[in-house]
Number of protein chains: 2
Amino acid sequence: MSQDRLIYLPLGGAGEIGMNAYVYGYGKPGEERLIVVDLGVAFPDMDTTPGVDLIFADVKWLEERRERIEGIIITHAHEDHIGAIGHLWPRLRAPIYARKFTGRIAESKLEESGAPIKSVLHIVEPWPAQTITMGPFSVGFLPISHSIPESAGLIIDTPKGRILHTGDFKIDRDPVVGEAFDDALWKRAAEGGVKALMCDSTNVFSPAPGRSESTLAPEVEKLIASADGMVVATTFASNVARLKTIANAATAAGRRICLLGRAMRRMVEAALETGLLTDFPAVISPEEAADMPRHKVLLLVTGSQGERRAASAQLANGSYLGLKLKEGDLFLFSSKVIPGNERGVIRIMNMLSEKGVDIVDDAGGRYHVSGHANRPDLQTMHRIVNPQLIVPMHGEHRHLREHVKLAEESNIPGFLAVNGMMLDLTDDRPKVAEYIDTGRTYLDGSVQIGAMDGVVRDRIRMALNGHVTVTLIIDEHDEPLGDPWCEAMGLPELGRGNAPLVEVLEAELTKYLRRADDKTLLNDDALEKELRKITRNTANSEVGHKPEVTVIISRLV
Amino acid sequence: MSQDRLIYLPLGGAGEIGMNAYVYGYGKPGEERLIVVDLGVAFPDMDTTPGVDLIFADVKWLEERRERIEGIIITHAHEDHIGAIGHLWPRLRAPIYARKFTGRIAESKLEESGAPIKSVLHIVEPWPAQTITMGPFSVGFLPISHSIPESAGLIIDTPKGRILHTGDFKIDRDPVVGEAFDDALWKRAAEGGVKALMCDSTNVFSPAPGRSESTLAPEVEKLIASADGMVVATTFASNVARLKTIANAATAAGRRICLLGRAMRRMVEAALETGLLTDFPAVISPEEAADMPRHKVLLLVTGSQGERRAASAQLANGSYLGLKLKEGDLFLFSSKVIPGNERGVIRIMNMLSEKGVDIVDDAGGRYHVSGHANRPDLQTMHRIVNPQLIVPMHGEHRHLREHVKLAEESNIPGFLAVNGMMLDLTDDRPKVAEYIDTGRTYLDGSVQIGAMDGVVRDRIRMALNGHVTVTLIIDEHDEPLGDPWCEAMGLPELGRGNAPLVEVLEAELTKYLRRADDKTLLNDDALEKELRKITRNTANSEVGHKPEVTVIISRLV
C-alpha cells in the first residue's frame, strides 16, 4: 500500500512573472487533498496573443480533481494573483480564503462570475490569531510587506512538516500603509524548522538592497511643490501606499486630488472601506477639477503601463472627462515600466511632449521603489527562515535558476521547479513525482480557449501575411461555372508590374482550372488544396506574402 | 522677385529614433537645390506594423523634386541612416556620397537595387582634405566618434552661412577602432561662426557623462578569462570596436573566434577590406569550432536584439551550424536592449537559462557603452560649436523637446523641428516656411506601400478580431440558392452555449434572408452591408469579437 505524500505543483508563475497558480497536496498518490494558492492572470501582447483579453494558467488538472480541493487561497489582490478567480471559480467551485482587503477585491471579481460569494468567500485574520484547517493542512496567513496592502505569506503545516510560502514580498520596515515587515513574526513562524521555503524570485537580479516606500515622500513632495501647472501622477492603482504618498504631497502643496480611472477609484474605496486608509484627503470630481486653477489640482490616474484605454492615454490623446493637459503641466510616472510595455508608455510620453507637458519618470529611482525583495533581501529572508530547501517561484526561468544559485550561496539546497513539475516533498530530498500537462488558457472575448487551439496562431498568420478568400462555383456537370473569384484583405493592392493582386490571382486560378482534370474537379479536398497552393505561391511571387487562404467551393446540384 | 532662401526639412528622424532622412535646400522658394542627408530605416513591430519588413520615411516630396537633388549623403553605415538607400535610390536617382567604409556597406545595398554603383557612389575623404561642391552647397565630412567606424558629421557651407550637422556621435577620445573625437577639428570647423547646429538627441535623458569604448576591455577580458565552457558574445555587428575588444579578450584567454551570422561576417570583412581592422585574429569556421574543446572557443554572433532568425535565437532554440550550447557555457549580451525589443531578448535569455547557460547582460554597465552623446557631452558639443541656433534631430518628440531645453540652458536658442516642418533658416531667426505631408513607407514583402493605405490596419483588425467569409449564391430569379455559407478564421470554434460559431452565424444570416425584401436582394451593396453587420453582431454576442468580414455574393445569370 502506498504511503501518503506531500506534493507541490506550480501550474503558473514558475516560468513567467504572471498567472500565479500553485498547488499543494497531501495524501495517497492520486488521492491527495489539494489546496490552491492564487489564481492570477498574465497579460496578452500583440506578438504572441493578439486579440486575447487575459491569460490564465490551464487548470484542467485541478478541474478534473475538483472534489479534492480543500480551498483556494488568495495571498494578495494583485491581478497576477487574483485576476482569474472570477473566471476560473465556476470550474473549481472550492471555498476561497483571503484577508479582508484582498477579499473585498475578490468579491467584485466573483460577482461577475455569479458565485455565491457569501458562502464561498472566507475572510481570514492573520496568524497567529487564526489558522484554518484545510483537510490535512493547517494554514496561517503571515502579514508581509509588498506594494499592495495586506499581502500575506503562508504558513502551511503538513503532516510532513512546515512549508513557508512567501507570496510576493519586499522587506519594508516602513511601508507607509499596512504592516511593516516583521522580522520577529517570520522568525517565530520558522521556529522548529521549515521543510521548504517557496520564495518570490522577481528581483533576484537586482543587486542593491531594496528601498522602503517611505523614502519616496520627500522627493515626491519636493517635485509637486515645485510645479506651477496641473500635476498628473500615475502608478498602479493597487499601490495604496503610493497613492497616499502622492495625495499627502499634493495636500501639502495646497492641491486637491481628483481620481481618474475605474481601478483608481475602486482601490481607494476598498482601502477606505476596509479601514486601511483613514486619513486620505477628500477627493474632488473631474468637473470640480476642471473648474479649479490648474496649480490647485492633482490628478491621480490609471494607465502607468501605457494601457490604451486608461486615463493616462486618454489625457495624452486629448481630453478625459473634460480635463485637458497643456504646456507647463507636469506628468509623473511613479512606476516602472514592466518589460514589454515600453512602446505603449513611450507613445504616451511623446504625445504628452507634443502638448508641452513636462514628464518625470522613474529614471533615477526617486519616484518609485519596487514591491519585490532584491537580492540581498532574498538572502535576508533565506537567513530568517533557514529552511531545509528553497523552491523559487514567481519568476521566469532565468529568475528561478538564479534564485537556486543564490540559495546555494547561502548553503541551502535549491530546487528549480517549473510549471507542471510535481515535486514530492515527503522525504528530505525533493524528487520529481510527475510532469503534468500544463499550458495557458486565454480569455478571448467572452470565451475561454486553449493556447494551442490554433485560433491565435491563425490570427498571427493573418497579421503577418493577410488573408485571401477564393470562391468557386461548380455546376451540375461538375464544371466550373465562370471563373474563380478572389478577395484579399491585409495585402497590398498592386503586385509586381503594378497589376492588381486579385486579378493576377484570379488569372492564375483560372489558368489552372482550364487544365484541371475531371478527377480533381470532382474532389473538393483536392481542388481546395490546389487552389490554396496556387493562391499562396502567386501572392508570394507578386507581393512577397504567403497569405492565409479560405477556399469556398459551391456545387450546384 | 523672391529671394533665395536656405531651408531645412526633416522627413524622418525628427520624431523617432530611426528612419533618418534630412533635407537641406537653397535657392528661390520652390526652386531650391536640395541635398539629402541619410536614408535610413525603422523597424516594424507586431503592435503597429505586423507583416511589414522595413519602414522608410515617405520620400514622395523628394521624388517629385528629383531633378533638384544635388546628392545623397550617408553619414555612417547604421541601418537607421543607410538602410533605405537600396530601396529608395531608384526613386531618387541622385549621386551618393559617403566615406570609404560606409560606401562599402552602401555598395551591397545598392547592388540589390540594380543601381549603377560605379557612377553613382562617390567616396569622400574627410575634411579638410576634401570638400565637395553640391550645387550651392559645399560639404565636408567631419570625422566623429560613434559606435561604428568612420562616422561623419557634416560641415555644410551655404550662401547664408555654415551649418554643422553632427550625425550620430559620442565624445570618445579613445574609441578602440577609428578616429577619436577631435576637439580641435570641431573647434576649427566652428571657427568663423556657425549658423545652426543640427544635433543628435538620442541620449539627452542620460545624465552621466558618456564612457569611452576603451573602458570595456578590462571588464570583458576578466569575464572571458573566468569562463570554463564555451563563450558566446553578441553585440551589433557594426560595432567593429566592440568586436575587436571581445576578440582581443578571447585571444588573451587562449580562445579562437568564430563569427556567426551574415551581418557579423560582412562587417568584419568590410572593416578588414577598408583597412580599419588590421590586427583582428584569424577566425575559424563553425565546423572547426564544433571540433574544438569548449573552453577554446568564442562565438561572436548576431541577434543582440532578440531577432528571431539571428544566430543568437538559433543557438538558444537548439543548434546553429552544428554548434550547441549547454550547461556551463556563458552568453554575453554586450549590448543594450532597444526599447520595444525587450520581449524578444528575454525570450532568448529564458531559452538559454533552460539549457543551463549562464547569461551576462549589460545590467551594471560593465559590458556595454552607448554610441550616443549623453547630456553633458551634448553640452560639450554645444560649447565647442557655439552656434547661433540648435536644431535637435535624431530623437522622439520628447528627446527633441528636452534637447531644446538643454540648448536654452546653454543660452543658445533651440528650435523644435519635427518631420515635415520646413524651416527657413535664411535670416537670423528661423521660421516655419511650410508643413510638408510626410509619413512612412512600408517595405511589405516585396512591394512598397504607404502607411495609410489601410493594408496594415486590416491586418491588425484581423489579428485582434479574426475573419469570417460569408458566401451566398443568388439564383436567376434573384432568390438565395440554398443558405449562406460561413467560414471563420482566428475565432473560437464554439460560442455561448457551446454551439459552433459558424452554425450560429449561418442560422442568423438565413433567418435574415428569409425575411429580406426583394429590393435588398437585388442590391449587392445593401445585401453585403446587411450580411456583414449581422455577422459582426452575432459573432460579438457569441464570442465577444467583431470580426473582419468578407462577403461574396455570386449571382447566377
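About the criteria used
Residues numbered from 1 in each chain as written. Chains lettered and ligands numbered in written order. Predicted model: local features only at pLDDT ≥ 70, side-chain atom pairs only at ≥ 80, totals over all residues. Heavy atoms only, no water. Helix = DSSP H or I, 4+ residues; strand = E, 2+ residues; numbered from the N terminus. Buried < 20%, exposed > 50% of the residue type's maximum accessible area, 1.4 Å probe, protein only. Contact = heavy atoms within 4.5 Å. Lys, Arg positive; Asp, Glu negative; His and termini not counted. Charge placed at Lys NZ, Arg CZ, Asp CG, Glu CD. Pairing = 2+ DSSP bridges. Axes fitted to C-alpha atoms, helices over the stretch in contact; angles between N-to-C directions. Buried area = accessible area lost by both parts, 1.4 Å probe. Salt bridge = Lys/Arg side-chain N within 4 Å of Asp/Glu carboxyl O. Polar contact = N/O pair within 3.5 Å; in protein donor to acceptor, adjacent residues only side chain to side chain. Nonpolar A, V, L, I, M, F, W, Y, C, P; charged D, E, K, R; others polar. Domains from an automatic or database assignment. Parallel < 35°, antiparallel > 145°, perpendicular 65-115°, else oblique. Left-handed = near helix turned anticlockwise from the far one by under 90°.

Student: Whenever I open this one, the overall build of chain A confuses me. Can you help?
Tutor: Counting its regular elements, chain A contains 18 helices and 28 strands. In terms of overall dimensions, chain A has a C-alpha envelope of 85 × 80 × 45 Å along the principal axes. Within chain A, buried positions represent 59% of all 557 residues. Long-range pairs, those at least 24 residues apart, make up 70% of the contacts in chain A between residues at least 6 apart in sequence. The positive charge centre, built from 63 side chains, and the negative charge centre, built from 78, are 3 Å apart in chain A.

Student: Would you take a moment to explain the sheet that holds strand β9 (residues 131–134) of chain B for this structure?
Tutor: Hydrogen bonds between backbone atoms are what pair the strands of a sheet, whose relative direction is either parallel or antiparallel. All names here are of chain B. Taken in spatial order, the 6 strands make up an open sheet running β9-β10-β11-β12-β13-β21, and their pairing is mixed. Edge positions in the open sheet fall to β9 and β21 (390–393), since each of these has one partner strand only. The sheet shows a mean angle of 20° between the axes of neighbouring strands, direction not considered. Pairing of strand β10 (residues 137–143) with strand β11 (residues 152–158) involves 6 bridges; the strand directions are antiparallel. Looking at β11, one finds that Val139 is bridged to Ile156. Strands β10, β11 and β12 (161–165) of the sheet are contacted by helix α6 (residues 183–190), whose axis makes an angle of about 150° with β12. Running at roughly 160° to strand β13 (residues 196–200), helix α13 (residues 375–385) makes contact with β12, β13 and β21 of the sheet.

Student: Explain the interface of chain B and chain A to me, please; I cannot follow it from the model alone.
Tutor: Between chain B and chain A, the contact holds 61 residues from the first and 61 residues from the second. Both faces combined, the contact of chain B with chain A buries some 5,200 Å², and carbon together with sulfur accounts for 60% of it. Considering only the side of chain B, the residues that lose the most area to chain A are Met46(B), Arg343(B) and Met489(B), jointly responsible for 14% of the buried surface there. Remark: the boundary between chain B and chain A carries 9 salt bridges. For Arg343(B), the salt bridge identified is with Asp47(A), shortest N-O distance 3.0 Å. Where chain B touches chain A, the interface holds 34 residue pairs in polar contact (both at pLDDT 80 or more). Secondary-structure elements contributing two or more residues to the side of chain B that touches chain A are α12 (342–354), α14 (397–409), β25 (447–450), α15 (455–465), β26 (467–474), β27 (485–489), α18 (524–543) and β28 (548–555) of chain B. Classifying every residue of the side of chain B that touches chain A by side-chain character gives 25 nonpolar, 19 polar and 17 charged.

Student: How should the domain arrangement of chain A be read in this particular structure?
Tutor: The parts lose accessible area when they come together, and the size of an interface is often stated as this lost area. According to the domain assignment, chain A consists of domain 1 (5–208 + 370–450), domain 2 (213–360) and domain 3 (466–555). Put simply, the middle of domain 2 of chain A and the middle of domain 3 of chain A, counted by C-alpha atoms, are 55 Å apart.

Student: Looking at this structure, how should I read the pairing of strand β9 (residues 131–134) of chain A?
Tutor: Strand residues, when the strand is regular, have side chains that alternate between the two faces of the sheet. Residue and element names in this part refer to chain A. The side-chain alternation of β9 yields one buried face, formed by Ile132 and Met134, and one unburied face, formed by Thr131 and Thr133. The pairing of β9 with strand β10 (residues 137–143) spans 4 bridges and is classified as antiparallel. Each bridged residue has a counterpart across the sheet, and for Thr131 the counterpart in β10 is Gly140. Adjacent in sequence and paired antiparallel, β9 and β10 are bridged by 2 residues, among which Gly135 carries a positive phi angle near 60°.

Student: I keep staring at the pattern of salt bridges and nothing clicks. Help me out?
Tutor: Opposite charge on two side chains permits them to pair, given that their charged atoms come into close proximity. Residue and element names in this part refer to chain A. For the structure shown, the criterion picks out 73 salt bridges over all chains. Among the salt bridges present, the one from Glu79 reaches Lys109, with a minimum N-O distance of 2.8 Å. Here the residue Glu79 occupies a position in helix α2 (residues 79–82), and Lys109 occupies one in helix α4 (residues 100–113), the gap between them amounting to 30 residues. Classification of Glu79 by relative accessible area gives partly exposed; the value is 28%.

Student: What is the right way to look at the environment of Ser138(A) in this model?
Tutor: Residue and element names in this part refer to chain A. Its location among the elements puts Ser138 in strand β10. The class for Ser138 is partly exposed, based on a relative accessible area of 24%. The sequence separation of Ser138 and Asp157 amounts to 19 residues, and the corresponding C-alpha distance is 5.0 Å. Residue contacts for Ser138: discarding those within four places in its chain leaves Thr131, Ile132, Thr133, Ile155, Ile156 and Asp157.

Student: I'm lost on the packing of helix α13 (residues 375–385) of chain A against helix α14 (residues 397–409) of chain A in this one. Help?
Tutor: The axes of two packed helices give the description: the angle between them and the distance between them. All names here are of chain A. At a minimum axis distance of 10 Å, the contact between α13 and α14 shows a crossing angle of 55°. In this view, α13 runs oblique relative to α14, as classed from their interaxial angle. α14 is crossed by α13, and the crossing has right-handed handedness. Residues Arg375, Leu378, Gln379 and His382 of α13 form the contact with α14, whose own contacting residues are Glu402, His403, Leu406, Ala407 and Glu409. Classifying every residue of the contact of α13 with α14 by side-chain character gives 3 nonpolar, 3 polar and 3 charged.

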